[in-house]
Amino acid sequence: TDQQGRVVRRNDLAFIGEAAISRSVSRAHGYVAWLAASKGYRVYDEHSSHGTQVARQGRLIPVPPRRDGLKLQPGDEIHLGQAVVRVEISTT
């Protein structure tokens, strides 16, 4: 927590290897959250320098900074700067 008692996130995902890829992902780039009300996961961008996008069915969808984020679907690929993470969502 910070001095005001707010939770400070830490990196739960690290990219090792290609230096250019690692540099394109900031420490607070974005996050994925479960929203019980919509029964789904959403990805959010934290005003990152290199942006966050989702590749879905052959097209790239920009994730708007903060705001509502973007609901994830099975098979989506999250592009954090130059790094790519594939999403698998279990229905069970």
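What counts, and where the lines are drawn
- Residues numbered from 1 in each chain as written.
- Predicted model: local features only at pLDDT ≥ 70, side-chain atom pairs only at ≥ 80, totals over all residues.
- Heavy atoms only, no water.
- Helix = DSSP H or I, 4+ residues; strand = E, 2+ residues; numbered from the N terminus.
- Buried < 20%, exposed > 50% of the residue type's maximum accessible area, 1.4 Å probe, protein only.
- Contact = heavy atoms within 4.5 Å.
- Core = buried A, V, L, I, M, F, W, Y, C linked by side-chain atoms within 4.5 Å.
- Pairing = 2+ DSSP bridges.
- Axes fitted to C-alpha atoms, helices over the stretch in contact; angles between N-to-C directions.
- Salt bridge = Lys/Arg side-chain N within 4 Å of Asp/Glu carboxyl O.
- pLDDT = per-residue confidence, 0-100.

1. With respect to the environment of Ile78
Mapped onto the secondary structure, Ile78 falls in strand β6 (residues 77-80). The exposure class of Ile78 is buried, given its relative accessible area of 5%. With 35 residues separating them along the chain, Ile78 and Val43 place their C-alpha atoms 8.2 Å apart. With near-sequence residues (within four places) excluded, Ile78 lies in contact with Val32, Val43, Thr52, Gln53, Leu72, Ala83, Val84, Val85 and Val87.

2. With respect to the nonpolar core
Within the largest apolar cluster, 11 residues are counted, these being Val25, Val43, Val54, Ile61, Val63, Leu70, Leu72, Ile78, Leu80, Ala83 and Val87. Contacts of Val54, omitting those with residues within four sequence positions, involve Val43, Arg59, Leu60, Ile61, Val63, Leu70, Leu72, Asp76 and Glu77.

3. Overview of the sheet that holds strand β4 (residues 59-62)
The four strands are arranged β4-β3-β6-β7 in an open sheet whose pairing can be described as antiparallel. Each edge of the sheet is formed by a strand with only one pairing partner; in this case those strands are β4 and β7 (83-86). Neighbour to neighbour, the strand axes of the sheet diverge by 25° on average, direction disregarded. Looking at chain direction, strand β3 (residues 52-56) and β6 are connected through four bridges and run antiparallel. The residue bridging Gln53 from the neighbouring strand is His79, located in β6.

4. Considerations on the pattern of salt bridges
Summed over the entire model, instances satisfying the criterion amount to three salt bridges. Note that Arg86 is salt-bridged to Glu77, the shortest N-O span being 3.9 Å. A relative accessible area of 52% means that Arg86 is categorised as exposed. Residue Glu77 is classed as partly exposed on the basis of its relative accessible area of 26%. Here Arg86 makes a salt bridge to Glu88, at a shortest N to O gap of 3.1 Å.

5. Some words on the confidence of the model for the protein
Low-confidence regions, as indicated by low pLDDT, have predicted coordinates that should not be scrutinised in detail. With 84% of its residues at a pLDDT of at least 70, the protein reaches an overall mean of 81. Per-element confidence in the protein ranges from a low mean pLDDT of 72 for helix α1 (residues 19-23) to a high of 95 for β4.

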